[in-house]
Every structure is written in structure tokens, then in C-alpha cells.
Amino acid sequence: MSCGPQQRTRPESDRAKAAFDSRWTFVLLLVLMGASGCAALIYEIVWLQLLQLVIGSSAVSLGLLLASYMGGLCAGSALLARFVPPDWHPLRVYAALEAGIGVLGLLVLFEIPVVGRIYVAGASGLVARGLVAAICLLPPTLLMGASLPAIARWAGTSPSGVSRMGFLYSANIAGAVTGCLIAGFYLLRVYDMAIATYAAAAINVVIALCAAILASHLGYSGWAGAAGATEGFVRPRPLAGATLVYGAIALSGLTALGAEVIWTRLLTLLLGPTVYTFSIILSVFLLGLWAGSSAGSFLARRLERPRVALAACQILLAGALAWTGYTVSHSLPFWPVDPWLSLDPWFNFELDLVRATWAILPATLLWGASFPLALASVIEPGQDPARTAGRVYAINTAGSIVGSLAFSLWVIPTAGSRQAQQVLIGIAVLASIMAGASVSEYMGRRARFAAAAAGAVLLGWGLAATVQDVPWQVIAYGRRIAPIIRAFDLYDRANPTKVLFRGEGVNSSILIAERAGQRHFYVSGKAEASTAILDMRLERMMGHVPALLHPNPKSVLVVGFGAGITAGSFTRYPELENLVICELEPFIPPASTQYFGKENYEVLHNAHTRMVYDDARHYIFTTREKFDVITTDPIHPWVKGTSVLYSKEYYDLVKQHLNPGGVVAQWLPIYDSDPDTIKTELATFFAVFPEGTVWSNNLNGDGFDLVLLGQARPGPINVDSLQARLDQPSYAPVGASLGEVGFHSAIEFLATYAGRARDLQPVIRGAQINGDLNMRLQYIAGLGLNSMAYQRTYQEILKYRRFPEDLLVGTPGGRMDALRTLLSAGN
């Protein structure tokens, strides 16, 4: 007959209990929980990037991904106590969960491409996007969410047990900090998403083995739990004021994720939206949660009234939120930080770390402390700790989901960042009132509590008034605000900048301003277009180069609306029948039309124009439509997430959506780029279009932008035929559009030719290829955006330019001689 825990001999039970409660067991569990958090953050970063390739990176798609990921954590934490009996050994349950996470983590890596093919073959609406996110993310995240409640059964419900539970939660967050930094600065920068996944899965396997060995070492076989650790749990009974505590911790989660959304947007304006900046901000956020939860865990076993401490955390949080709002709008923009002083990116990362810590650390400390204090406020000795810990974690996570979705999709686009932060302060005050109302001493003293609540409301009102909008220069100049303001200080006194439009959308912030008769269009800290002649040349070239080199451009796809000038260039062509424009931010086209309508020929209201408000990669991935011309004018490649529009797989998709004889144009900025970035961009494009050509937007011999041109079946460009086409009366609008930017003939236009793939092989030899699985470009470009070597790279490209006898053809003499002269003069 088998022996249960009750039938063990007393010495054996005493030895096991001593080992079970030993300090070294607790230390080992802290390490395991830290490693678990590390793996979880690696998975999160990889999975969200992979799934964005399938369902897109629009705000709605990101919301579905976040809801699925955090929803799984929420459900897993709430369900473990219902489905896993208390007498199962907590360490063996934990080992099984970690092993399952590792298996499912690997499965997701191979599952996503299959799901993507099914998604494209079937419906691709919002419901389908949600199903894809749920199918891929819910199974592993359910197990992740169950890990804390599982290990909570080891900790127990005594005051010291609650404290240990809090420290285990804190260790998990500390691991998440490590995972964020390892993934963002090493695994994905040096390797790819597959290697990162294998690393995370290996961590899970090691955790599972260690937990299983530890359980065996404690002297128990099978799934039976430890005597004294999991036996004798009583049925939970209503605890006075517990509902108010749960409400407070839900609101705490809401303010935490709502603030993370707002602060990430504002800080990436100041620090630059590189993949490294996002890693730094998230790491600082998690670091504060770790330190705060450690402090809260330390206090949980020493405080007689943890609910009072929870209420104090929430009212202090209102002050910390006001601190961050004031710092971001009144302090950080005016720090004398010049990113050009050092070209070493790691030095600039140190400055970014200091600025992010100064702004957001105080609030994150208080959010971190709130979780263990909430646990201590609702747990009672003898209850199943998995049930209580799971409930607190689930409610906090549910609030986080609401906060993230509400503020990203509704509050910021509707009210703006300033009012969104003021709303957060109000919610923090409400959470403090709820936590205070749960204190038994206040329950019978309504007048005293009402006075305290009124004081909290007045304090919150005063704190909210300190939050203001960030200066418009932050949206315009971003990370270079300090040197640009200094450079333009005297100039602006004589030519003051007039802000014409300022707005915040679901995905970005934009500003349209006028200075010295020129209008400028800025998106999230970067200049994207203007009426200056150099910018106008590029914007028109992005439309006219592919359209003129196609004999009959009837159907056109433009990726990115911007100021609308590139898209508007296509409306000058008499052959045009269908113009599709993909734009991620819905409020950009109307604003651009209002202030750049003359330059973009009112393209938004053109009869042939069809707007698609979606991630362009997702649209091309799912549409069955094909085009004569596809021109891609995205934002800079160093912006996180943009490298998917510069990847080999993206160019393959574009090539598949060309009609016979179709032409592809791709913008390639060489400013804000180092040689490695430029070479990777060229090598990746030429890997798909081996006969591709390069066209230059230059001024006085200096190059600033390139237009890459690719065709499935390239043919010669007849100079005489092109000029004859421009001389046709029906092409008068095309000629006028070109003339406005300095191109008065086919020769002047073709003189922008800068080279082709076969001639540039010495330049791109050894360059890395940017792919969907490695996202190499965003990591290379993020390191080189302060480089000033772009002119050297441009001159290296021109060094290999040869007159393409088989590409540019025409009647000998006359135009051909003139074109040769112009091209040779640029070498």
C-alpha cells in the first residue's frame, strides 16, 4: 500500500520540512523565477515582432497582440488554483509549467509561418487577426501566468510566506529586466529571432530540470505535495474590504500600463525611436517595478496595516505621475544633450538611460511596491496561496490590459498626452481612496474618511495642473532638440516659426510648421517633408522616376502618405486609373492636404485615389491586387519596426504584386546613416532586384537621398522616346511638375542616375542582408544614426558609376552626348 504524506515517519518528515523551508531553497527559487522572467521577456519581444509580420503593426493589431499576451497571463494566474489540486507538489507543478512553456515557445516559432499562410488564404479582417493572436499566444502565456500561483503554494500564507511570495514576484521582474536587455542589445542585434527563441527555450528546460531535481531532493515522489506546505487549506471566506483592495490594485495596473504607453511615446520623441531606446525605457520601467516590489515585500511581513501602505503608495503615485509629466515637458527637453558630440552610440545610450531613469523611476517604484502590499492586504493564514496570489495577479493584469488599450486607442488620440496624464493622476487618487476605504478603522468613521478623500482629490487636482504639453520643438526636432534650438536661436528671432498644425494620433505625433516661407512636415521628432527645393525634388522623384520609366502606369500603390507630394505626382499622368495609398495614421492625410494641397495636387480628393488605413506590409501581404508601380516612402530605417519595409521578404512580396513590366521604387536616406546601414540597404534590395538601379537626389555634388529602382524584367531606357513622351500635350502636367523641382528635360532628369547593382558589387560585398527573422537593419541603423560619414559613402557609390551603354540608349550625338557629359561631371 502506498504511503501518503501523513504516513511518513516523523524524522523523515522533519528532515524534509527543514529542507523545504531552508534558506538555500528559497535562494534557488529566486534564481529560477528570475530566469523564468528572463525567458518570458525574450519570448514577448520575439513573438510580437513575428506576429506583426502576419497581422500587421497598426494600433489595432498591436492591441490584439497585447490583449492576447496579457490575457493569457491573466487567465493562467486565475485558473491554476481551480484546476491544480493543492496537494500536488508546487515545485513539480512549476517544473511542468516551465517545460510546457519551453515546448510551446518553440512551437510558436514554427507555427507562425503556417498560421500566416492560412490567414492570407482565408479572411484577414479583425476577427481573423484576433484569432491568429489568440492561437499563437494564449497557450504559452496561460502557463506563464500560472507560474507565480504555483510557486506561491511553496511560500505559504504566513506573514513571512507573503513576504517570500513578494520576493519571488520581484525576482521574476528582475529576470525580465535582464531578458529585455539581453534580447534588445545582444541576441537580436547579433543573431536572430530563431536563436533568441532557442535561448529562451533552453532557459525553460534548465528551470524545469532544476525545479524537478529540487522537488526530488526534498524527499517526495510523484505529485504529492509537502506536508505542512500545502495541506489543510481552508475554503476562502469573504474578507472585509477585500473588494476595495482588488479595485485599487486593478486601477494600479491600469495606470501603470497607461503611463507606459504615454511615456514611451513622449520619451521616444526625445531619445529617438530606435529599438535600443525602447529596450532602455522598458528596462528602466521593469527595474523600478523590481526595486519597488522588493521594498514592498520587505515591508509586507513587518506592517500591521498593509492597506494603509497601499493607499499611501497610490497617493504618492499621483505625485510621481505629476513629476514625470512635469519632467518630460519642462526639464528633459532643455537638458544640453547634443547627440553629435559623440559618435559612440553606447555613450548616447548611457545618457538615454540617465534621462529615462530620472523621469520614470519614482512612479515605477510605487507600482512595484503596490503588488506585494495588495497581497498582504487580502491573504489570510490557512487559505490556498495560489488562489489569492492568482486572483491579485489576474486583477492587476486585467487592469493593465484595459489601461494599455484604452490609452493607446482612445484617450491619447482623443484628448492628447497632457490630458491623458491628468486622467492617470485622477485614477491614482481614486485607487488611493479605494485602498483607504478598505482599512477597517475608516469603515465606521465616514466623516473622517470623507475628509481624507476630499483632501486626496484636491491634491490630485493640483498635481494634474502641473502637467503641460511637451514643447512643439520636441515633436519637430526630437532627439536633436538642444543643438537645433541653439543653432536656430538667432535665426528664429528674425524668422519666427509658426506652428500651423499639431496633433496626436493612434500611432504617431505630427507637427506642421512654417518658417521663412517654407512649410515643414514633422512626424514624431523627424522631418519627413517640406516645400524646400531639395525635399520637393526627392518627393517628386519618388513618383516620377518609376512612372516615367514605366510605359503605361495605370495602377499605382504608394506606401506612406506623408505630405502627399509623392502620391500627388502620379495624378499628373494621363494613364492613371487606380491610385492606392497606404497610410498607418488616419489623421495625417487630411492635415497634409490642408497645408500641402497645392504641392500634392489635392491627391486625397482625386477621383482615382483610394486610401487604405493599414500597415502597408500587411496590406501587400493580404491583397490579391497587382500594380504597375509600387513606390515605398517609409520613415527612416532606424525607427523601430520600420525595417520590415526594407527587408528581403518585403521586396519579394512587392515583386510578386507587380504586373508584367512593373516598376518598384524605394526611398533610401543616406543622411542619419553610417556606411554599414547604407550598404545593407543596397545589398538587400539588390538581392531581390539584381538589375536594380540607383538614382540620386543631390545638391552641389552632395547626396542626401537615393531612390532605388527595381523591375522584374528590366529593359533599356530610350532617352529620345522619353523626351518625346514629355513633349506630348497630355504630358504637360508631368513636365510642369518636374519643372517645379528643376528638371526641364529628359536629360536633366536622367542625369540623376547614380549606378546599378552590377557596378556596385565592390561597395556591398560582405554587407549583411536584412531579413524578417533577423531585423538586422534596425539594429545596425540604430547604432549609426549619428554618423556623419554619409557623404563619404555617397562618393564611394559615385566612384563606381559607369555610363550604362545597355541601359540608357538613344540616337548617337545630341542628347546622348549631353547626358554623358552631365554624368561624367558628377564623378
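Refer to the structure above for everything that follows.
Residues numbered from 1 in each chain as written. Predicted model: local features only at pLDDT ≥ 70, side-chain atom pairs only at ≥ 80, totals over all residues. Heavy atoms only, no water.

## Overview of the sheet that holds strand 2 (residues 509–515)
To be explicit about the condition: At least two bridges found by DSSP between two strands are what make those strands a pair. Secondary structure elements follow DSSP: runs of H or I no shorter than four residues count as helices, runs of E no shorter than two count as strands, and numbering proceeds from the N terminus. Angles here are taken between N-to-C directions and fall from 0 to 180 degrees, while the axes themselves are lines fitted to C-alpha atoms, restricted in helices to the stretch in contact.
Within the open sheet, the 4 strands sit side by side as 1-2-3-4. Their pairing is antiparallel. Only two strands of the sheet have a single partner each, and these edge strands are strand 1 (498–504) and strand 4 (526–530). The mean angle between the axes of side-by-side strands here comes to 20°, regardless of whether they run parallel or antiparallel. Summarising the sheet, strand 1 and strand 2 pair through 6 bridges and their orientation is antiparallel. Directly across from Phe-501, in strand 2, lies its bridge partner Ile-512.

## Comments concerning the side chain of Thr-364
What counts here: Partly exposed describes any residue whose relative accessible area lies between the buried limit of under 20% and the exposed limit of over 50%, with all areas from a 1.4 Å probe on protein chains only and scaled to the type maximum. Each polar contact in these results corresponds to two N or O atoms within 3.5 Å; when the atoms are within protein, one needs to be able to donate a hydrogen and the other to accept it, and residues that are neighboring in sequence are counted only if both atoms are side-chain atoms. Residue contacts are counted whenever heavy atoms from the two residues lie within 4.5 Å of one another.
Relative to the helices and strands, Thr-364 is located in helix 11 (residues 345–378). For Thr-364, a relative accessible area of 0% corresponds to the buried category. Among the polar contacts listed, one links the side chain of Thr-364 to the backbone oxygen of Leu-361, at a separation of 2.7 Å. When near neighbours in sequence (up to four residues on either side) are disregarded, Thr-364 contacts Val-284, Phe-285, Gly-288 and Leu-289.

## Remarks on helix 17 (residues 533–548)
As a reminder of what qualifies: To obtain the bend at a residue, axes are fitted to the seven residues ending there and to the seven starting there, and the angle between these axes is taken.
Its axis deflected by about 35° at Met-541, helix 17 carries its strongest bend there. Most of helix 17 is tucked away: 14 of the 16 residues are buried.

## A few points about the sheet that holds strand 10 (residues 693–699)
Judged by pairing direction, the sheet is mixed, and its 8 strands sit side by side in the order 7-6-5-8-9-11-10-13 without closing on themselves. Looking along the sheet, the strands with just one partner apiece sit at the ends: strand 7 (609–612) and strand 13 (753–756). Pairwise comparison of adjacent strand axes, ignoring direction, gives a mean angle of 20° for this sheet. With 7 bridges joining them, strand 9 (residues 658–669) and strand 11 (residues 702–711) adopt antiparallel strand pairing. In the strand pairing of strand 11, Pro-669 is matched with Asp-705. Against the sheet, helix 22 (residues 675–688) touches strand 9, strand 10, strand 11 and strand 13, its axis set at about 175° to strand 9.

## Looking at the pattern of salt bridges
To keep things clear, this is the line we draw: In the sections that follow, a salt bridge refers to a side-chain nitrogen of Lys or Arg positioned within 4 Å of a carboxyl oxygen of Asp or Glu.
The tally for this structure, following the rule as stated, stands at 17 salt bridges. A salt bridge links Arg-540 to Glu-740, with the shortest nitrogen-to-oxygen separation between them at 2.8 Å. Of the two residues, Arg-540 sits in helix 17 while Glu-740 sits in the loop between helix 24 (732–739) and helix 25 (746–750), which places them 200 residues apart along the sequence. The exposure class of Glu-740 is partly exposed, given its relative accessible area of 48%.

## A closer look at the side chain of Arg-801
Short version of the rule: Positive charges are assigned to Lys and Arg, negative charges to Asp and Glu, while His and the chain termini are left out of the count.
With respect to the secondary-structure elements, Arg-801 resides in the loop between helix 28 (790–799) and strand 14 (808–809). No salt bridge is formed by the buried Arg-801; the nearest opposite charge belongs to Asp-759, separated by 8.9 Å.

## What to know about helix 19 (residues 588–596)
Buried residues dominate helix 19, accounting for 7 of its 9 residues. Taken together, the buried positions of helix 19 are occupied by Ile-588, Pro-589, Ala-591, Ser-592, Thr-593, Tyr-595 and Phe-596. Close packing links the buried residues of helix 19 with strand 1, strand 2, strand 3 (518–523), strand 4 and strand 7.

## Here's the deal with the state of the cysteines
The cut-off we apply is this: Cysteine sulfur atoms that come within 2.5 Å of each other are treated as a disulfide pair.
Counted by the stated rule, this structure contains 0 disulfides. Unpaired in terms of disulfides, Cys-180 finds its nearest cysteine sulfur in Cys-38, a separation of 10 Å. On the basis of relative accessible area, Cys-180 is assigned to the buried category, the value being 1%.

## Considering unusual backbone geometry
One non-glycine residue, Glu-602, adopts positive backbone phi at about 50°. Examined against the element boundaries, Glu-602 turns out to sit in the loop between helix 19 and strand 7. For Met-775, which is not glycine, the phi torsion reads 45° and is therefore positive. Residue placement: Met-775 occurs in the loop between helix 26 (761–764) and helix 27 (776–784).

## Topic: the packing of helix 6 (residues 159–190) against helix 11
Applicable threshold: Throughout this description, any angle smaller than 35 degrees is read as roughly parallel, any larger than 145 degrees as roughly antiparallel, any in the 65 to 115 degree range as roughly perpendicular, and the remainder as oblique. Left-handed describes a crossing whose near helix is turned anticlockwise from the far helix through less than a right angle; right-handed describes the clockwise counterpart. Gly is put with the polar residues, along with every residue not named as nonpolar or charged; the nonpolar set is Ala, Val, Leu, Ile, Met, Phe, Trp, Tyr, Cys and Pro, and the charged set is Asp, Glu, Lys and Arg.
Running from N to C, helix 6 and helix 11 point in directions that differ by 155°, and their axes come no closer than 12 Å. When the axes of helix 6 and helix 11 are compared, the pair comes out roughly antiparallel. Handedness of the crossing formed by helix 6 with helix 11: right-handed. Seen from helix 6, the contacting residues are Val-162, Met-165, Gly-166, Tyr-169, Phe-185 and Arg-189; seen from helix 11, they are Trp-346, Phe-349, Phe-371, Pro-372, Leu-375 and Ala-376. Taken together, the residues of the contact of helix 6 with helix 11 break down into 10 nonpolar, 1 polar and 1 charged.

## Considering the environment of Leu-289
The topology assignment puts Leu-289 in helix 9 (residues 275–300). Through-space distance from the C-alpha of Leu-289 to that of Leu-365 is 5.4 Å; in sequence the pair is 76 residues apart. Once residues within four sequence positions are removed from consideration, Leu-289 is found in contact with Ile-173, Thr-364, Trp-367 and Gly-368.

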